[in-house]
Amino acid sequence: MNIYESYIKEIEERKDLGLSPKPIDGAELLSAIIEQIRDLDNKYRKDSLHFFIYNVVPGTTSAADVKAKFLKEIILGEILIEEITPTFAFELLSHMKGGPSIEVLLDIALGDDALKAKEAAEVLKTQVYLYEADTARLEKAYKSGNEIAEEILESYAQAEFFTKLPEIDEEIDIVTFIAGVGDISTDLLSPGSDAHSRSDRELHGQCIFEHNKDMQNELLALKEQHPDKRVMLIAEKGTMGVGSSRMSGVNNVALWTGIQASPYVPFINIAPIIAGTNGISPIFLTTVGVTGGIGIDLKNWVKLKDANGNTVLDADGEPVLEQKYSVETGTVLTINTKEKKLYKGDQELIDISAALTPQKVEFIKAGGSYAVVFGKKLQTFAAKTLGIDIPQVYAPSKEISIEGQGLTAVEKIFNKNAVGNTPGKVLHAGSDVRVEVNIVGSQDTTGLMTAQELESMAAKVISPIVDGAYQSGCHTASVWDNKSKANIPKLMQFMNDFGLITARDPRGVYHAMTDVIHKVLNDITIDDWAIIIGGDSHTRMSKGVAFGADSGTVALALATGEATMPIPQSVKVTFKGSMKSFMDFRDVVHATQQQMLKQFGGENVFQGRVIEVHIGTLTADQAFTFTDWTAEMKAKASVCVSEDETLIESLEIAKSRIQIMIEKGMDNKKQVLQGLIDKANKRISEIKSGEIPALRPDANAKYYAEVLIDLDEIAEPMIADPDVHNEDVSKRYTHDTIRPLSFYGGTKKVDLGFVGSCMVHKGDMKILAQMLKNIESQQGKVEFNAPLVVAPPTYNIVDELKEEGDWEVLQKYSGFEFDDNAPKAAARTKYENMLYLERPGCNLCMGNQEKAEPGDTVMATSTRLFQGRVVKDSGEKKGESLLSSTPVVVLSTILGRTPTMEEYETAVNGIVLTRFAPSTEQLVR
């Protein structure tokens with residue numbers, strides 16, 4: 001069977017699944033198709049023409065290279081294809097987005113045939129995905145006196161690729177579709193368990209609403225009823241897109257409700273319209289911008305006020321909400337993009353200026369943020385080459401500078417890394433800034449999409465200004481199944497070739513590493529002034545400022561070394577008092593959220609802002625526990641302010657772990673890892689000499705709010721509860737219900753415990769070992785009344801535990817230990833009452849490979865309590881994932897229920913859970 005016949009067989013198999021032919025990205029298959037097109041008598045010629053024209057992946061795929069070269073033959077008259085005229089060939093090239101298509105267009109534009117050169121130039125004027133090799137050709141030709149090159153550069157300088165695009169519609173008629181009540185996790189839009197199919201967009205689209213066919217059919221019926229309107233997907237009484245950036249979630253929404261990006265590229269849709277009563281999660285909103293979509297904060301439910309202006313509370317002390325206007329499914333509304341208002345008929349409902357800022361309108365016009373980013377770079381290049389000032393085409397970046405006002409920590413970081421702003425101007429929160437990115441992380445379940453995005457924007461190598469980048473293997477660590485075997489090696493090869501340090505070595509030289517990506521990024525971040533972009537919502541570092549991002553923004557950071565965003569507002573968090581000896585630092589994390597909500601009457605002042613946490617005395621591993629959780633606080637990011645000595649200690653730890661990576665053979669030809677160690681040494685010298693001390697905000701910086709956490713108030717372990725039976729559906733599955741251990745009275749049944757994910761560090765593993773020894777000493781044996789799944793976050797931690805003797809303790813009590821020589825080939829569905837020592841990685845927290853048994857009550861150190869993520873509902877009982885500290889999880893599995901305070905204190909007796917004490921310094925400059 002030849003490759004084309006194999007493709008036809010695959011098409012038949014996909015047809016049985018209700019799927020169209022898979023888009024072609026390989027050169028071998030497309031070459032066979034082209035040969036059949038050349039053969040006028042070939043029985044497959046008609047289908048081959050269709051596949052060639054409408055079913056090839058653009059960008060830098062090997063198929064795109066073959067397609068571009070064949071179109072060049074047609075344009076130059078080297079072959080006559082009746083169905084593809086030279087004019088049509090140019091049109092097809094214009095939709096290929098860069099890479100080989102640009103190379104072909106430049107060949108023709110700078111060639112000897114004046115007429116064809118003119119045609120090629122007209123197409124080139126519409127393109128923005130040009131890289132150094134392309135612009136260097138144009139510059140050389142221009143300096144050699146080539147008139148076509150000059151004409152193209154003049155067009156680029158005027159940004160005609162943008163200005164000649166159609167303006168966006170003044171009115172967009174929409175019809176509403178409520179996707180859920182309460183916060184909507186991106187798992188609803190793109191379930192983690194379907195991560196393997198994300199790069200096959202049509203197949204992945206079938207999983208929207210967690211495969212709920214009734215909801216899917218309801219959405220289809222709504223579209224049929226309103227063929228002239230766009231569908232707006234809504235989180236009623238909640239926030240849309242919490243949990244992760246999930247580009248695949250936006251892709252799915254766009255596939256079902258958006259607009260096809262190109263008639264010649266299948267299943268790539270753009271411009272979805274998404275909304276929530278409490279708006280859109282910050283990182284998810286960024287993802288919407290990538291696709292030129294619109295994200296609206298509806299504010300259709302507000303807190304009810306009494307005659308004195310005070311918030312009315314219900315019997316449980318929760319604010320009572322009143323509806324300002326209805327958005328029930330099927331409601332017809334109008335977005336007026338000129339007035340920036342949302343209307344129902346002639347009735348104005350709400351101002352939506354925040355959704356239609358000048359920059360966001362440009363994204364909509366250009367079909368996404370990439371085109372604007374690349375367009376600005378291309379315009380800058382052209383103007384510089386021509387020796388002219390850059391014409392003001394794009395909306396000017398907002399620059400807010402307040403004389404006499406100091407800078408917060410994040411404002412300092414942005415000012416240091418900013419490019420393209422007014423020289424010498426100090427920028428404050430709200431300013432739009434283009435910044436250089438120091439560290440970039442790609443994770444494995446979104447990495448295939450990042451690779452696709454890099455191909456689509458014609459990028460071939462990592463930007464030289466990025467200090468380091470890492471491709472993880474943590475989200476597929478639990479089960480090495482056929483899906484992983486098919487996807488992950490291909491991903492690692494691509495990223496390794498692109499210039500990233502990869503968890504798996506395509507050459508097989510070093511041991512496969514499944515370390516949790518956030519932990520690795522935390523280790524390779526060697527500068528407290530750094531900006532980090534990572535393909536996961538939990539990209540929150542204890543050094544620098546890190547932003548979780550969609551796979552496309554990660555691709556953009558890898559390709560350009562830059563990111564564009566407003567400087568966020570900050571909320572300052574400080575501490576007073578002292579911790580009780582039996583408290584874990586996780587309890588401080590949860591208490592921070594609880595006390596913040598209490599101080600601000602239930603308003604989450606963290607949402608969409610940077611949490612500047614004055615943690616001072618905690619090294620990177622422990623401080624990461626706080627910054628990691630800020631994703632669940634709905635913060636945009638966090639910055640950890642540290643004492644000089646503590647920062648130096650953290651950097652020394654980072655150096656030692658990077659050195660281990662080098663010794664394992666993970667460095668590349670450019671010695672990126674060694675370069676990070678060199679930069680860490682330089683940073684340590686700067687701190688010790690006093691040349692550049694540890695990052696601190698100015699004493700006169702201005703914050704949106706300030707939160708003071710009283711450690712004395714934390715009297716018992718704190719648990720984040722999904723509150724699955726709350727009568728108000730909107731209050732279920734949030735991270736805002738924080739309860740003390742005593743709330744459960746020592747009687748709540750626990751079916752499974754999980755110690756692992758990015759929220760634990762080496763100290764947690766040691767606490768686990770010590771607790772097991774304690775319990776055996778007190779009770780004579782260790783007997784589990786519920787399964788306990790343990791997944792260390794990194795191999796480094798496992799190695800250190802082995803050296804220090806703790807791993808031997810864990811082995812003693814375990815009934816299962818991972819074996820890298822024989823990794824699991826299938827997900828576990830049943831658990832016994834014993835300790836499972838699992839492979840380092842995300843494990844249950846991700847929910848894409850293994851889960852708890854349906855209906856289980858899980859006690860976990862994880863971050864995820866969303867419905868269906870860690871555990872699904874059963875027919876008899878709702879699954880629930882309660883989040884707590886390692887000691888509470890361990891004891892809950894020993895007892896098979898939540899412990900009492902007396903049982904808890906006995907179990908942790910003599911164990912140092914944390915040494916945290918607030919800094920005695922004022923951590924400001």
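See above for the structure.
Bear in mind the structure is a predicted one, so any value in this text is a computation, not a measurement.

Participant: Outline the overall build of the protein chain, listing residues and values.
Facilitator: For the protein chain, the count of helices and strands is 31 helices and 33 strands. With the principal axes as the frame, the protein chain shows a C-alpha extent of 90 × 65 × 65 Å. Taken across its 925 residues, the protein chain has 61% of its residues classed as buried. Nonlocal contacts in the protein chain, meaning residues at least 24 apart in sequence, comprise 73% of its contacts between residues at least 6 apart. Taken as a whole, the protein chain presents about 35,200 Å² of accessible surface, with 48% of it coming from carbon and sulfur. If the 97 positive side-chain charges of the protein chain are averaged to one point and the 132 negative ones to another, these points end up 1 Å apart.

Participant: Go over the sheet that holds strand 13 (residues 347-351), please, and point to the residues and values.
Facilitator: Taken together, the seven strands give an open sheet; going across it, the order is 8-7-3-1-11-12-13, and neighbouring strands pair in mixed fashion. Sheet topology places strand 8 (294-297) and strand 13 at the edges, where each strand pairs with a single neighbour. Going across the sheet, the axis of each strand differs from the next one's by a mean of 30 degrees, ignoring polarity. Note that strand 11 (residues 332-336) and strand 12 (residues 341-344) share three bridges and pair antiparallel. In the sheet register, Ile335 faces strand 12, and the bridge partner there is Leu342. Strands in contact with helix 13 (residues 213-225) are strand 1 (171-181) and strand 3 (230-236); relative to strand 1, the strand with the most contacts, it is inclined by about 165 degrees.

Participant: Describe the nonpolar core, naming the residues involved and giving the relevant values.
Facilitator: Considering soluble globular proteins, one finds that nonpolar side chains tend to be buried as a cluster. By size, the foremost hydrophobic cluster in this structure holds 130 residues, and its most contacted members are Tyr470, Phe575 and Ile615. When near neighbours in sequence (up to four residues on either side) are disregarded, Phe575 contacts Val588, Thr592, Val613, His614, Ile615, Phe626, Leu708, Ile709, Leu711, Phe916 and Pro918. Core analysis: the second largest hydrophobic core is formed by 115 residues, Ile79, Ile413, Leu427 and Val440 among them.

Participant: For helix 26 (residues 672-689), give the residues involved together with the corresponding values.
Facilitator: Between the first and last C-alpha of helix 26 there are 26 Å, a value that for 18 residues agrees with the 26 Å anticipated at 1.5 Å per step. For helix 26, every residue scored as buried is listed here: Val672, Leu673, Gly675, Leu676, Ile677, Ala680, Arg683, Ile684, Glu686 and Ile687. The inward-facing, buried residues of helix 26 contact strand 16 (439-442), strand 17 (468-471), strand 18 (501-502), helix 21 (517-524) and helix 25 (644-663). At the C-terminal side of helix 26, Gly690 shows a positive phi close to 85 degrees.

Participant: Outline the packing of helix 5 (residues 86-94) against helix 7 (residues 114-124), supporting the account with residue identities and numerical values.
Facilitator: Closest axis-to-axis distance for the helix 5/helix 7 pair is 10 Å, and the angle between their directions is 30 degrees. In terms of their interaxial angle, helix 5 and helix 7 are classed as roughly parallel. The element helix 5 and its partner helix 7 pack so that their crossing is right-handed. For the pair helix 5 and helix 7, the contacting residues are Thr87, Phe90 and Ser94 in the first and Lys116, Glu119, Ala120 and Val123 in the second. A class-by-class count of the residues in the contact of helix 5 with helix 7 yields three nonpolar, two polar and two charged.

Participant: Requested: an account of the environment of Asp728, with residues and values cited.
Facilitator: Within the secondary structure, Asp728 sits in the loop between strand 26 (718-720) and strand 27 (738-740). Using a relative accessible area of 22% as the deciding quantity, one classes Asp728 as partly exposed. When the C-alpha atoms of Asp728 and Val181 are compared, they prove to be 9.3 Å apart, with 547 residues separating the residues in sequence.

Participant: Could you give an account of the side chain of Arg864, naming the residues involved and the relevant values?
Facilitator: Within the fold, Arg864 resides in the loop between strand 32 (857-860) and strand 33 (880-883). A relative accessible area of 2% places Arg864 in the buried class. A polar contact is formed between the side chain of Arg864 and the side chain of Glu632, at a distance of 2.9 Å.

Participant: Can you tell me about the sheet that holds strand 14 (residues 418-419), naming the residues and giving the values?
Facilitator: Spatially, 14-15-21 is the arrangement adopted by the three strands of the open sheet, whose pairing is antiparallel. Looking at which strands have only one partner, the edges of the open sheet turn out to be strand 14 and strand 21 (562-566). Note: strand 15 (residues 432-436) against strand 21, five bridges, orientation antiparallel. The partner of Glu436 across the bridge, within strand 21, is Glu562.

Participant: For the pattern of salt bridges, give the residues involved together with the corresponding values.
Facilitator: Taken as a whole and assessed by the stated rule, the structure comprises 56 salt bridges. Bridged by salt links that share partners, the residues Asp527, Asp528, Lys682, Arg683 and Glu686 form one connected network.

Participant: Go over the state of the cysteines with me, naming the residues and quoting the values.
Facilitator: Under the criterion given, the structure shown has zero disulfides. Just so you know, Cys207 is unpaired, no disulfide at all, and the nearest cysteine sulfur is the one on Cys842, 19 Å from it. Overall, the relative accessible area of 1% leaves Cys207 in the buried class. The structure places no disulfide on Cys640, whose sulfur is separated from the nearest cysteine sulfur, that of Cys758, by 15 Å.

Participant: I'd like to hear about unusual backbone geometry, residue by residue, with values.
Facilitator: It is generally the case that most residues other than glycine have a negative phi and that most peptide bonds are trans. A positive phi angle, near 50 degrees, is found at Lys299, a position not held by glycine. Secondary-structure assignment places Lys299 in the loop between strand 8 and strand 9 (301-303). For Lys299, a relative accessible area of 48% corresponds to the partly exposed category. Backbone geometry places Tyr733, a non-glycine residue, at a positive phi of 60 degrees. As for its position among the elements, Tyr733 is in the loop between strand 26 and strand 27.

Participant: Give me the environment of Pro693: which residues, what numbers.
Facilitator: Of note, Pro693 is situated in the loop between helix 26 and strand 25 (705-710). Apart from residues no more than four positions distant in its own chain, Pro693 is found in contact with Asp528, Trp529, Asp644, Arg683 and Arg925.

Participant: Outline the pairing of strand 32, supporting the account with residue identities and numerical values.
Facilitator: Alternating residues of strand 32 divide into Thr857 and Met859 and Val858 and Ala860, and every residue in both groups is buried. As judged from the three bridges shared by strand 28 (residues 752-756) and strand 32, these two strands associate in the parallel manner. Residue pairing across strands places Leu752 opposite Val858, the latter belonging to strand 32. Pairing of strand 32 with strand 33 involves four bridges; the strand directions are parallel. Looking at the pairing, Thr857 lines up with Glu880 of strand 33.

Participant: Talk me through the packing of helix 6 (residues 100-109) against helix 8 (residues 132-143); I want residue IDs and the actual numbers.
Facilitator: Across the interface, helix 6 lies against helix 8 with an axial gap of 10 Å and an inter-helix angle of 10 degrees. Put simply, helix 6 runs roughly parallel to helix 8. Facing helix 6, whose interface residues are Ile102, Glu103, Leu106 and Asp107, helix 8 presents Asp134, Arg137 and Leu138. Grouping the constituent residues of the contact of helix 6 with helix 8 by class yields three nonpolar, no polar and four charged.

What counts and how
- Residues numbered from 1 in each chain as written.
- Predicted model: local features only at pLDDT ≥ 70, side-chain atom pairs only at ≥ 80, totals over all residues.
- Heavy atoms only, no water.
- Helix = DSSP H or I, 4+ residues; strand = E, 2+ residues; numbered from the N terminus.
- Buried < 20%, exposed > 50% of the residue type's maximum accessible area, 1.4 Å probe, protein only.
- Contact = heavy atoms within 4.5 Å.
- Areas by Shrake-Rupley, 256 points an atom, 1.4 Å probe, with all protein chains shown as cover.
- Lys, Arg positive; Asp, Glu negative; His and termini not counted.
- Charge placed at Lys NZ, Arg CZ, Asp CG, Glu CD.
- Pairing = 2+ DSSP bridges.
- Axes fitted to C-alpha atoms, helices over the stretch in contact; angles between N-to-C directions.
- Core = buried A, V, L, I, M, F, W, Y, C linked by side-chain atoms within 4.5 Å.
- Expected span 1.5 Å × (residues − 1).
- Parallel < 35°, antiparallel > 145°, perpendicular 65-115°, else oblique.
- Left-handed = near helix turned anticlockwise from the far one by under 90°.
- Nonpolar A, V, L, I, M, F, W, Y, C, P; charged D, E, K, R; others polar.
- Polar contact = N/O pair within 3.5 Å; in protein donor to acceptor, adjacent residues only side chain to side chain.
- Salt bridge = Lys/Arg side-chain N within 4 Å of Asp/Glu carboxyl O.
- Disulfide = S-S within 2.5 Å.

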